[in-house]
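# Fold and geometry: a report
Each chain is listed here by its residues.
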Amino acid sequence: MQKKIRLPLREEDIESLKAGDRVLLSGVVYTARDAAHKRMVEQEKEGTPLPVELDGQVLYYTGPTPAKPGEVIGSAGPTTSGRMDLYTPALLEKGLKGMIGKGYRSEEVIASMLKHNAVYFGAVGGAAALIARSIKKAEVVAYEDLGTEAIRKLTIEDFPVFVINDIHGGDIYKDGVAKYKQ
Amino acid sequence: MKEIAYEKIVEEVKTMCMESNYNLGEDVYSAFKQALQTERSETGKEVLTQLIDNADIAKAERVPMCQDTGTAVFMVEVGQDCHIAGGRLVDAINEGVEKGYGEGYLRNSMVYNPMNRKNTGNNTPAIVHIDLVEGEELTLHMTAKGGGAENMSALKMLKPSDGMEGVKEYILSIVKEAGPNACPPLVVGIGIGGNFERCAFLAKKSLFRPLGVRHEDPAVAELEMELMEQINRLGIGPQGMGGSTTALDVKVELESCHIAALPVAVNLNCHASRHQTIVMK
């Protein structure tokens, strides 16, 4: 079954999502990967306000290729989320409600997501040209010096994801593999 | 003696960088189609369908199939009767990479050094392995190797007493640990033997062999098929969400080693197994 959800995530949407669900997301997400996470969390520790208000928002872990002339963005698939794990609980504390990436999250991140009612979505790694079609607008809003790693505000329309970790303790990486292991 | 111009190499390398990122090879594309027929999980089928659509879009629009356009890795065979005129071979390769990644709107993913992590801005340096061979041809094999799968790769110095059972167990443990992180369905490249650094090289080299092509030694070919079956029984599936397609192929290369040693290297490749070969005469 495929669900359509408009961002920002409402409490009832978060409640309804189950690990393994196919979801098409529309609305606004912010991109951030290794370098942007490091800088955000360092700024947070120094007491400097974050360059984007994360409360209620969704982060997408991606470092797109350069846009060809006339294009909104280059190819933009998910990168491995685990590299952001060290920084993620601090951002969930700030009200982050969702993340889009690929791959395992740490126990700490999963516990923090459960505590803060946040969802982890997986996009298909390597489907970057397909995913880019669902990105309608892109603008750099912070850390421009980081190039591909800058924070971008993306407006997305029917962006295809799967729910990896829901707020009920479901984890498709565990449940799915258990089902097909021989 | 045959002469090959520096500028010609630059142009060929530039083209290889662009083509490898836009055009998924026919071998991988048909492996996707094949997997779609056999995959048991509906989620797995949806992932494979997205990957096929993605490859079609990348090819038609000439855009990178993945935003991680990789480290440019070259395995070069230089005929000993060929002369490269006008500059150093490695410089020509790096110049071609710079042009290919720049003009091709590919992502620059290399940093100057692991301590400062500052981007070099042109995806150089390439990683270049050179082998001197007979003849007067220059053969360039290139892959754009993604970071996600490379990060989940590993090497271990086993003991001879661990035997082939120990080798298989180790390979399976690495694929399992990688799970969704390495972007399955995978191409699993394995090196057995050599020494510490040679073993890793063998694993990488194995990934240059097209999908579906078995090792010429029947015993090694059998090992590849056995590992493939065992890996696909792990249940990891496309993108690690469960399924019967975890590996699209398994490649093994092996070499002599010390009486005390049994090195094993597992170099994982994501499904964007991008490789190109050109022969310059």
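Scoring rules and cut-offs
Residues numbered from 1 in each chain as written. Chains lettered and ligands numbered in written order. Predicted model: local features only at pLDDT ≥ 70, side-chain atom pairs only at ≥ 80, totals over all residues. UniProt positions renumbered as here; feature names shortened; annotations may be inferred. Helix = DSSP H or I, 4+ residues; strand = E, 2+ residues; numbered from the N terminus. Rg over C-alpha atoms; globule rule 2.2 N^0.38 Å. Buried ≥ 20, exposed ≤ 12 C-beta atoms within 10 Å, placed from the backbone. Contact = placed C-beta atoms within 7 Å. Nonpolar A, V, L, I, M, F, W, Y, C, P; charged D, E, K, R; others polar. Domains from an automatic or database assignment. Pairing = 2+ DSSP bridges. Axes fitted to C-alpha atoms, helices over the stretch in contact; angles between N-to-C directions.

An unreviewed UniProt entry annotates chain B as Fumarate hydratase subunit alpha of Planomicrobium stackebrandtii. Reading the Sequence similarities (unreviewed entry) entry of the UniProt record for chain B gives the comment "Belongs to the class-I fumarase family."

The name recorded for chain A in an unreviewed UniProt entry is Fumarate hydratase subunit beta, from Planomicrobium stackebrandtii.

Quick look at the overall build of chain A now. Across its full length, chain A holds six helices and seven strands. Listing the helices and strands of chain A from first to last along the sequence gives β-α-β-α-β-α-β-α-β-α-β-β-α. At 15 Å, chain A has a C-alpha radius of gyration in line with the 16 Å of a compact globule built from 182 residues. In terms of overall dimensions, chain A has a C-alpha envelope of 45 × 40 × 30 Å along the principal axes. Relative to its 182 residues, chain A shows a buried fraction of 50%. In chain A, 62% of the contacts between residues at least 6 apart in sequence involve partners at least 24 apart.

This paragraph deals with the UniProt feature "domain: Fe-S hydro-lyase tartrate dehydratase alpha-type catalytic" (unreviewed entry) in chain B. According to UniProt, the feature "domain: Fe-S hydro-lyase tartrate dehydratase alpha-type catalytic" (unreviewed entry) maps to residues 11-278 of chain B in the numbering used here. As annotated, residues 11-278 of chain B has a helix share of 40% and a strand share of 24%, and its two end C-alpha atoms lie 12 Å apart.

A word on the interface of chain A and chain B. At the junction of the two partners, chain A supplies 38 residues and chain B supplies 42 residues. Elements with a minimum of two residues in the side of chain A that touches chain B: α5 (128-132), β7 (151-165) and α6 (172-180) of chain A. Of the residues contributing to the side of chain A that touches chain B, the split by class is 15 nonpolar, 18 polar and five charged.

Looking at the secondary structure, you find Asn119(B) in the loop between α4 (89-103) and β4 (127-133). Judged by the 17 C-beta atoms lying within 10 Å of it, Asn119(B) falls in the partly exposed class. Separated by 72 residues in the primary sequence, Asn119(B) and Val47(B) place their C-alpha atoms 32 Å from one another. Discounting residues that sit within four places of it in the chain, Asn119(B) has contacts with Gly147(A), Asn108(B), Met110(B) and Val111(B).

Right, let's get into the domain arrangement of chain B. Residues and elements named next belong to chain B. For chain B, the assigned domains are domain 1 (2-20 + 65-145) and domain 2 (148-272). Distance from the C-alpha centre of domain 1 to the C-alpha centre of domain 2: 26 Å. On the domain 2 side, the residues contacting the nine residues of domain 1 number eight residues. Every element with two or more residues in the side of domain 1 that touches domain 2 is listed here: β2 (71-79) and β5 (138-145). Looking at the side of domain 1 that touches domain 2 element by element, the count peaks at three residues for β5. A breakdown of the residues in the side of domain 1 that touches domain 2 according to their chemical character gives four nonpolar, three polar and two charged.

Let's shift gears to the UniProt feature "domain: Fe-S hydro-lyase tartrate dehydratase beta-type catalytic" (unreviewed entry) in chain A. Sequence positions flagged by UniProt for "domain: Fe-S hydro-lyase tartrate dehydratase beta-type catalytic" (unreviewed entry) are, in local numbering, residues 9-175 of chain A. Counting secondary structure, residues 9-175 of chain A comes out at 26% helix and 26% strand; the distance between its end C-alpha atoms is 24 Å.

Another point: the sheet that holds strand β7 (residues 186-194) of chain B. Each strand in a sheet pairs with another by means of backbone hydrogen bonds, the pair being arranged parallel or else antiparallel. Residue and element names in this part refer to chain B. Strand order in this open sheet of four strands is β6-β9-β7-β8, and the pairing throughout is mixed. Edge positions in the sheet fall to β6 (154-158) and β8 (247-257), since each of these pairs with one other strand and no more. In this sheet, neighbouring strand axes are inclined to one another by 15° on average, regardless of whether the strands run parallel or antiparallel. Packing of helix α7 (residues 196-206) onto the sheet brings it into contact with β6, β7, β8 and β9 (262-269), and relative to β7 it is tilted by some 145°.

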